[in-house]
Amino acid sequence: MKKLNIFLLTLVIFTTANAQKMEGRYTPSGGILGAANFSKFNISGDGTDDIKFKTKTGFAFGAWMAIPMGRVVSFEPQLLYSTQGYELESTTNFETKFNISYLSIPLLFKFHLGKAIALTAGPQIDFVTGLDNKGVVPVSKSDFKGTDFGLSGGLELFPRGRVTIYGRYIAGLSDMNDEGSDTKARNSNIQAGVKLRLFGGKFIPADSDGDGVPNSKDKCPTVAGLERYQ
């Protein structure tokens, strides 16, 4: 935990320093995304050593919006509909297999480390919207709690491009088991996908005196003048 705190503090100092050096800003942007989920339940509690879930696939799609907080840091809320698959490892014929659908709200902070890569981190809230039982053992939506809170971290490739490739790990913090037993079930999900920017994301150079000449080309950046004379 101490090493994690030192890393986060270093990251904040780095991004703040870079934001102060670079002039200009990006406009808000937004778009749509699609992804694959690779999920399972992590089981804990007394006598649960032999209870394990397989990693199963699902999908996610939705919308996102990036709100710049400087040249380096941005805040990105998302709204997703997602499904996650679950299958209990078992040697018996009583197969336990089901899909849970969620309305997911990731609240991500993005740290741009350059044009090609960015790191993301933040909380996520998942609301259970339905359950599709595909196994022999009866499983219903009422067996699980309706809300899951989690934390995620990941990276993006070409974060300011029209098309962005991303991956992130979401660790569920809530016990999803609502059967009244001591067994705890927490979500574990790796999400990998593609984001498509539909609007915004334009870079606007700084112009302190508002005369239409960017500071980088302005001979008197604090005094308005004619553009043809810089």
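Residues numbered from 1 in each chain as written. Predicted model: local features only at pLDDT ≥ 70, side-chain atom pairs only at ≥ 80, totals over all residues. Heavy atoms only, no water.

Participant: Any details on the packing of aromatic side chains? Residues and values, ideally.
Facilitator: How two aromatic rings sit relative to each other is set out by the distance from centre to centre and by the angle between their planes. What the rule picks out here adds up to nine aromatic pairs. Judged by centre distance (5.2 Å) and plane angle (45°), the rings of phenylalanine 75 and phenylalanine 109 are tilted. Highlighted residues: phenylalanine 75 in strand E5 (residues 73-88) and phenylalanine 109 in strand E6 (residues 97-112), separated in sequence by 34 residues. Overall, the relative accessible area of 34% leaves phenylalanine 109 in the partly exposed class. One aromatic cluster in this structure is built from Phe41, Phe53, Tyr86, Phe98 and Phe144. Over the aromatic face of tyrosine 26 sits the side chain of arginine 160, whose NZ or CZ is 3.7 Å from the ring centroid. Taking NZ or CZ as reference, lysine 195 lies 4.3 Å from the ring centre of tryptophan 64, over its face. (Phe/Tyr/Trp six-rings, centres within 6.5 Å; stacked < 30°, edge-to-face > 60°. Helix = DSSP H or I, 4+ residues; strand = E, 2+ residues; numbered from the N terminus. Buried < 20%, exposed > 50% of the residue type's maximum accessible area, 1.4 Å probe, protein only. Lys NZ or Arg CZ within 6 Å of the ring centre and 35° of its normal.)

Participant: Explain the pairing of strand E9 (residues 163-172) to me, and be specific about the residues and the numbers.
Facilitator: Burial of E9 is one-sided: the residues Thr164, Tyr166, Arg168, Ile170 and Gly172 facing one way are buried, the residues Val163, Ile165, Gly167, Tyr169 and Ala171 facing the other way are not. Looking at chain direction, strand E8 (residues 147-157) and E9 are connected through eight bridges and run antiparallel. Bridging across to E9, leucine 151 finds its partner in alanine 171. The turn joining E8 and E9, which pair antiparallel and follow one another in sequence, is formed by five residues; a positive phi near 55° is taken by phenylalanine 158. Of the strand pairs in this sheet, E9 and strand E10 (residues 184-200) are connected by nine bridges, and their pairing is antiparallel. If you follow alanine 171 over to E10, its bridge partner there is serine 188. (Pairing = 2+ DSSP bridges.)

Any link to function would need more than the numbers given here.
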